[in-house]
Amino acid sequence: DDSYTVGIRPMSEADSRNSPHRDNKTEYIIRPCDDGCLRFSHIFHGEQEQYIRIFREGKRLVQLSVFSLHEDLAGRYPFLGDLHVHSARSDGKEAPAVVAANLRRCGYDFTVISDHHRYYPSLEAIEAYKNVSIDMNIVPGEEVHMPNNNVHIVNFGGAYSVNGLIESSPQITERGKSEKYRCLSTDCPPVISQDAYIAEVEAIAAELELPETIERFAYASCIWAFNHIKKSGGLGIFCHPYWISDVYQIPEEFTDYLTEKAPFDAFEVLGGESYFEQNGMQTAKYYDDKEKGRRYPVVGSSDSHGTVNNPNAHVASTIIFAPENTREALIDSVKRHYSVAVDDLVKDIGLVGDFRFVRYGAFLLRNYFPLLAELCYEEGRLMKAYVCGDEASGIELNRLKGRTDKLRRHYFLFD
């Protein structure tokens with residue numbers, strides 16, 4: 001028969017003692033229902049974390065949290081993953097399917113195998129799990145390297161290989177022109193010679209009005225690649241311009257021109273290395289561009305070349321707010337700016353992106369993703385055992401199917 005006080009404290013409305021004029025304090029006096037539960041109704045205002053504190057006789061018993069969202073996020077669930085990863089098919093350490101399993105064990109909802117010059121390793125990873133049920137979404141992709149162009153581009157989720165359009169690429173020399181290895185379906189453009197590629201790029205360059213300081217062929221080559229990624233339904237990511245490859249990978253003026261014109265779909269603001277000069281500079285560049293009125297989506301990626309015994313295995317990741325964990329929904333959501341980059345190197349929590357998603361992402365990293373990771377670890381361990389030959393693990397994977405989706409729908413209530 002005891003009565004309890006339930007206090008609601010919105011995080012962003014300040015302490016009621018210091019700002020008594022604000023709507024920052026709501027209290028209900030309630031008694032337990034017949035089943036012992038405390039029930040109440042409340043309208044949570046604004047997009048922010050809200051504390052729910054329960055008191056009895058003036059003593060706080062527990063503090064819980066909810067996060068109230070603006071309407072555009074209703075129906076968008078948070079999915080954590082990596083958009084740039086390498087396997088042993090290029091210069092990584094593990095087989096594609098093992099890479100995916102190890103990343104699932106780390107709590108990721110989705111990933112891509114984006115090997116240098118090669119699309120077929122991502123299809124290999126997808127194929128490895130075709131006979132079992134898993135909740136992880138393995139997306140096709142590649143790291144695109146165009147001849148005579150040093151700008152690195154990731155094709156995340158494209159339905160065909162951009163590398164595989166040029167007959168001199170390792171994608172073609174290692175697996176041939178078969179559509180089985182260079183696209184998701186049979187709708188794949190024909191392979192062309194390197195001379196034909198150069199002619200197409202030069203035709204694009206002839207139509208461009210560029211500053212004299214910008215490398216004309218390289219920029220036109222980027223346009224050629226990004227256009228094909230868009231045509232394939234993929235996400236074209238401009239990668240790590242501040243990677244130190246002897247010196248910074250590409251000229252500063254070229255980087256600035258690319259972010260000004262933004263022919264890409266997303267900028268890899270975090271990822272690849274643990275030194276400040278890469279991620280720190282890319283973050284500073286992103287916020288400097290925002291001040292100039294430039295707005296483009298951002299992602300964080302590990303650019304991992306080994307998922308175990310590697311200090312750079314988990315330098316960054318991305319939270320995508322999407323209606324479902326599918327290739328199409330993830331890509332569309334990033335293009336609509338529903339993503340935030342996660343800095344996994346910092347001691348506590350680090351995020352780069354729009355302020356609202358940084359605030360929401362921090363709440364999720366503290367309260368939701370640790371719960372998800374517990375389920376993912378078990379599935380990832382079984383995935384690795386399965387692709388290494390343990391058929392019994394496949395039975396267990398089928399039994400566990402749907403657990404992470406059930407968890408997600410339990411904690412995100414969208415009426």
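Residues numbered from 1 in each chain as written. Predicted model: local features only at pLDDT ≥ 70, side-chain atom pairs only at ≥ 80, totals over all residues. Heavy atoms only, no water.

**Here we look at the overall build of the chain**
Thought 1: When its secondary structure is counted, the chain shows 13 helices and 17 strands.
Thought 2: What you see for the chain is a C-alpha radius of gyration of 24 Å, in line with the 22 Å of a compact globule of 415 residues.
Thought 3: When its C-alpha atoms are laid out on the principal axes, the chain stretches across 85 × 55 × 35 Å.
Thought 4: Within the chain, buried positions represent 53% of all 415 residues.
Thought 5: The contacts in the chain between residues at least 6 apart in sequence include a share of 67% that link residues at least 24 apart. (Helix = DSSP H or I, 4+ residues; strand = E, 2+ residues; numbered from the N terminus. Rg over C-alpha atoms; globule rule 2.2 N^0.38 Å. Buried < 20%, exposed > 50% of the residue type's maximum accessible area, 1.4 Å probe, protein only. Contact = heavy atoms within 4.5 Å.)

**So, the packing of aromatic side chains**
The way to describe two aromatic rings as a pair is by their centre distance and the angle between their planes.
Thought 1: Counted according to the given criterion, the structure contains 26 aromatic pairs.
Thought 2: Plain terms: the ring middles of Phe-238 and Phe-264 are 5.6 Å apart, the flat faces sit at 40° to each other, and that makes the pair tilted. Linking Phe-238 in strand 10 (residues 235-238) with Phe-264 in the loop between helix 7 (252-261) and strand 13 (266-271), this pair joins segments that are 26 residues apart in sequence. Taken individually, Phe-238 and Phe-264 each receive the classification buried, so the pair is uniform in this respect.
Thought 3: Seen in terms of ring centroids, Phe-412 and Phe-414 are 6.4 Å apart; in terms of plane orientation they differ by 35°. Their pairing is tilted.
Thought 4: Residue class for Phe-414 comes out partly exposed when judged on its relative accessible area of 25%.
Thought 5: Ring pairing ties together the aromatic residues Phe-226, Phe-238, Phe-264, Phe-267, Tyr-286, Tyr-287 and Tyr-296, which thus form one cluster.
Thought 6: Over the face of the ring belonging to Tyr-338 we find Arg-76, whose NZ or CZ atom lies 3.9 Å from the ring centre. (Phe/Tyr/Trp six-rings, centres within 6.5 Å; stacked < 30°, edge-to-face > 60°. Lys NZ or Arg CZ within 6 Å of the ring centre and 35° of its normal.)

**What about the pairing of strand 13?**
Thought 1: Along strand 13, six of the six residues are buried, which leaves the element largely enclosed by surrounding structure.
Thought 2: Direction of pairing for strand 10 relative to strand 13: parallel, over a ladder of two bridges. Considered in strand 13, the bridge of Phe-238 is made with Phe-267.
Thought 3: Here four bridges tie strand 13 to strand 14 (residues 298-301), and the two strands are oriented parallel to one another. Bridge assignment links Glu-268 to a residue of strand 14, and that residue is Val-299. (Pairing = 2+ DSSP bridges.)

**Looking at the sheet that holds strand 2 (residues 26-30)**
Thought 1: Pairing within the open sheet is antiparallel, and its four strands lie in the order 2-1-3-4. The strands lining the two open edges of the sheet, one partner per strand, are strand 2 and strand 4 (59-68). Sheet twist, expressed as the average angle between the axes of neighbouring strands with direction ignored, equals 20°.
Thought 2: As defined by bridge partners, strand 1 (residues 4-10) adjoins strand 2 across five bridges and the pair is classed as antiparallel. Bridging across to strand 2, Gly-7 finds its partner in Glu-27. (Axes fitted to C-alpha atoms, helices over the stretch in contact; angles between N-to-C directions.)

**Examining the pattern of salt bridges**
Thought 1: With the rule as written, the count across this model stands at 31 salt bridges.
Thought 2: Across the pair Arg-366 and Asp-348 runs a salt bridge whose closest N-O atoms are separated by 2.8 Å. Residue Arg-366 is found in helix 10 (residues 355-367), and its partner Asp-348 is found in the loop between strand 16 (339-343) and strand 17 (351-352); the two are separated by 18 residues along the sequence. Each member of the pair, Arg-366 as well as Asp-348, carries the same accessibility label: exposed.
Thought 3: Across the salt bridge formed by Arg-399 and Glu-396, the nearest N and O atoms sit 2.8 Å from each other. Remark: Glu-396 and Arg-399 occur in helix 12 (residues 391-400); sequence separation between them is three residues, near one turn of the helix.
Thought 4: Residue class for Glu-396 comes out partly exposed when judged on its relative accessible area of 28%.
Thought 5: Each of Arg-104, Asp-109, Glu-379, Asp-405, Arg-408 and Arg-409 takes part in salt bridges that share partners, so that together they form one network. (Salt bridge = Lys/Arg side-chain N within 4 Å of Asp/Glu carboxyl O.)

**Focus: helix 1 (residues 96-105)**
Thought 1: By the criterion of burial, helix 1 is predominantly enclosed, with nine of the ten residues buried.
Thought 2: Within helix 1, burial applies to Pro-96, Ala-97, Val-98, Val-99, Ala-100, Ala-101, Asn-102, Leu-103 and Arg-104.
Thought 3: Looking at the buried residues of helix 1, the elements they touch are strand 6 (110-112), helix 2 (120-128), strand 7 (137-139), helix 11 (369-387) and helix 13 (403-411).
Thought 4: Immediately downstream of helix 1, the backbone of Gly-107 shows phi near 100°, a positive value.

**Side note on the packing of helix 11 against helix 12**
Thought 1: The interhelical angle for the contact between helix 11 and helix 12, taken along N-to-C directions, is 145°, at an axis separation of 8 Å. Regarding helix 11 and helix 12, the two cross each other, and that crossing is left-handed. Contacts between helix 11 and helix 12 involve Glu-378, Glu-379, Leu-382, Met-383, Ala-385 and Tyr-386 on the former and, on the latter, Ser-393, Gly-394, Glu-396, Leu-397 and Leu-400.
Thought 2: Each residue belonging to the contact of helix 11 with helix 12 can be placed in one class, and the counts come to six nonpolar, two polar and three charged. (Left-handed = near helix turned anticlockwise from the far one by under 90°. Nonpolar A, V, L, I, M, F, W, Y, C, P; charged D, E, K, R; others polar.)

**Quick word on the nonpolar core**
Thought 1: One finds Tyr-129, Phe-156, Ile-237 and Phe-321 to be the most contacted residues of the largest nonpolar core, which totals 58 residues.
Thought 2: The element that contributes the greatest number of residues to this core is helix 11, accounting for seven residues.
Thought 3: When near neighbours in sequence (up to four residues on either side) are disregarded, Ile-237 contacts Leu-83, His-152, Ile-153, Val-154, Phe-156, Phe-226, Ala-266, Glu-268 and Val-299.
Thought 4: Membership of the second largest hydrophobic core comes to 43 residues, among which are Ile-153, Cys-188, Phe-264 and Ala-316. (Core = buried A, V, L, I, M, F, W, Y, C linked by side-chain atoms within 4.5 Å.)

**Some words on the environment of Gly-389**
Thought 1: With respect to the element layout, Gly-389 can be found in the loop between helix 11 and helix 12.
Thought 2: A relative accessible area of 57% places Gly-389 in the exposed class.
Thought 3: Taking the C-alpha atoms as reference points, Gly-389 and Met-281, separated by 108 residues in sequence, lie 44 Å from one another.

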